[in-house]
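One letter stands for each residue in the lines below.
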Amino acid sequence: MKGVVFLGNRKLELREFPDPTPGPGEVVLAIKASGMCGSDLHPYRAAGNAAAALGLGGQGGPVIAGHEPCGVVAARGPGVAPEEAPEGQRVMNHHYKGCGLCKHCRAGWSQLCRSGIVVYGMTGHGGHASHMKVPARTLVPLPDELSFEEGAAISCGTGTAYGALKRLDVSGRDTLAVFGQGPVGLSATLLGKAMGARVIAVDIAPERLKLATEFGADATVNAKAVDPVKAIRDVRCAATWGRVAFVGEGNTTTFDISQDMIRRQLTIHASWTFSSVGQGECARFIADRRIPLAKLITHRFTLEQADEAYRLFDTQTTGKGVFAP
Ligand SMILES: [Zn+2]
Ligand SMILES: [Zn+2]
């Protein structure tokens, strides 16, 4: 089969790989949708080993990209019970493999495993191919109400937004400011509204802010035109006793501990995606409330169009792209 490999420096290629066969405890998925996520742009643009730069480890060898895999169970390996992964079952993949035994793995947070992890699409073969081999325990059933494309989005970007909002315990009492209205931020706008919050969407691109308004944002702030901190304080957000979640990968920030944190009784969270349980919960939340997540998917590509697709998302600012192999 063919799979998309990032070569760095904005180059990629569709490379030939052997068809995967499932080993003990593993399944092979037939991929129906594989999303493009913002963090794909790190290895796409990187000059060196981007996975290592993000603290994810990995040998830097050629791996198939794509960490938002969604498809159906095509084959089961030895030791996988039929009821655990029925053939043809619609599934998402929680795209991390840990030891499977420690407390983090057992709680569904395998990305926090201290025994070393594989991040599919970064340090292990991901979803930008026709098939993908994963441990059966990484499967998360996809509700019938949701499309494979929506399942792909939930498998990283949208699930990450959900995970952060959950950490923040967002409710109808809150005003939520979402900085950045890419696929993760737009999902946070959409989900934050569904959780009852008043949402202020912040971005520097007018097209993204327009989309945020369509996704239910109550107010928008163009951070290029005005100082977003001042603008948001004007509407009494980021308040004293406020809660903050950092979600976006890479880069650094500084703030004054006394002035910006202690004097304002802030609670600051670092939020890394979601657990496998949280992924299922996010999918249920979206299905039960009929949240129009499908609107997020603006671009569809075949794997043969991968070069064009990533070139576009490297520069273009709105919506989300998905591969349907
Ligand atoms: Zn573990
Ligand atoms: Zn991602």
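Above this text is the structure in question.
Residues numbered from 1 in each chain as written. Chains lettered and ligands numbered in written order. Predicted model: local features only at pLDDT ≥ 70, side-chain atom pairs only at ≥ 80, totals over all residues. Heavy atoms only, no water.

Enquirer: For this particular structure, what's the right way to read the overall build of the protein chain?
Expert: Regarding its fold elements, the protein chain presents 11 helices and 16 strands. In terms of C-alpha radius of gyration, the protein chain reaches 20 Å, essentially the compact-globule figure of 20 Å for 325 residues. Reported as C-alpha extents along the three principal axes, the dimensions of the protein chain are approximately 60 × 40 × 35 Å. By element, 53% of the accessible surface of the protein chain is carried by carbon and sulfur atoms, the whole surface being about 15200 Å². The protein chain carries 35 positive and 30 negative side-chain charges, and their two centres are separated by 5 Å. (Helix = DSSP H or I, 4+ residues; strand = E, 2+ residues; numbered from the N terminus. Rg over C-alpha atoms; globule rule 2.2 N^0.38 Å. Areas by Shrake-Rupley, 256 points an atom, 1.4 Å probe, with all protein chains shown as cover. Lys, Arg positive; Asp, Glu negative; His and termini not counted. Charge placed at Lys NZ, Arg CZ, Asp CG, Glu CD.)

Enquirer: Please clarify how the coordination of the zinc ion (ligand 2) should be interpreted in this entry.
Expert: In ideal tetrahedral geometry, four donors around a metal make angles of 109.5 degrees, whereas ideal octahedral geometry with six donors gives angles of 90 or 180 degrees. Protein coordination at the zinc ion (ligand 2): the donors are Cys-37 (SG), His-67 (NE2) and Cys-156 (SG), at 2.0 to 2.3 Å from the metal. For the zinc ion (ligand 2), the donor residues sit on a single chain with the sequence spacing C-x29-H-x88-C. Pair noted here: Cys-37 is in the loop between strand E3 (26-35) and helix H1 (41-45) and Cys-156 is in the loop between helix H4 (148-154) and helix H5 (157-168), with a separation of 119 residues, a long-range link. Assessed through its relative accessible area of 5%, Cys-156 is described here as buried. (Donors = N, O, S within 2.8 Å, 3.2 Å for Na, K, Ca; no water. Buried < 20%, exposed > 50% of the residue type's maximum accessible area, 1.4 Å probe, protein only.)

Enquirer: Even after reading the chapter, I still don't get the coordination of the zinc ion (ligand 1), so can you show me in this structure?
Expert: Only Cys-99 (SG), Cys-102 (SG), Cys-105 (SG) and Cys-113 (SG) from the protein coordinate the zinc ion (ligand 1), and they sit 2.3 to 2.4 Å from it. The coordination sphere of the zinc ion (ligand 1) comprises four donor atoms, whose angles at the metal cover 103 to 115°; the geometry is tetrahedral. By relative accessible area, which is 12% here, Cys-105 ends up buried. (Tetrahedral: all angles 85-135°; square planar, octahedral: opposite > 155°, others 65-115°.)

Enquirer: Explain the packing of aromatic side chains here, please?
Expert: Each aromatic ring pair is characterised by the separation of its centres together with the angle its planes make. Within this structure, the stated rule accounts for seven aromatic pairs. Here Tyr-96 and Trp-272 contribute two aromatic rings whose centre-to-centre distance is 5.6 Å and whose plane-to-plane angle is 80°, an arrangement assigned as edge-to-face. With Tyr-96 in strand E6 (residues 96-97) and Trp-272 in the loop between strand E14 (267-270) and helix H10 (276-288), the pair connects residues that are 176 residues apart, well separated along the chain. With relative accessibility at 2%, the residue Tyr-96 sits in the buried group. (Phe/Tyr/Trp six-rings, centres within 6.5 Å; stacked < 30°, edge-to-face > 60°.)

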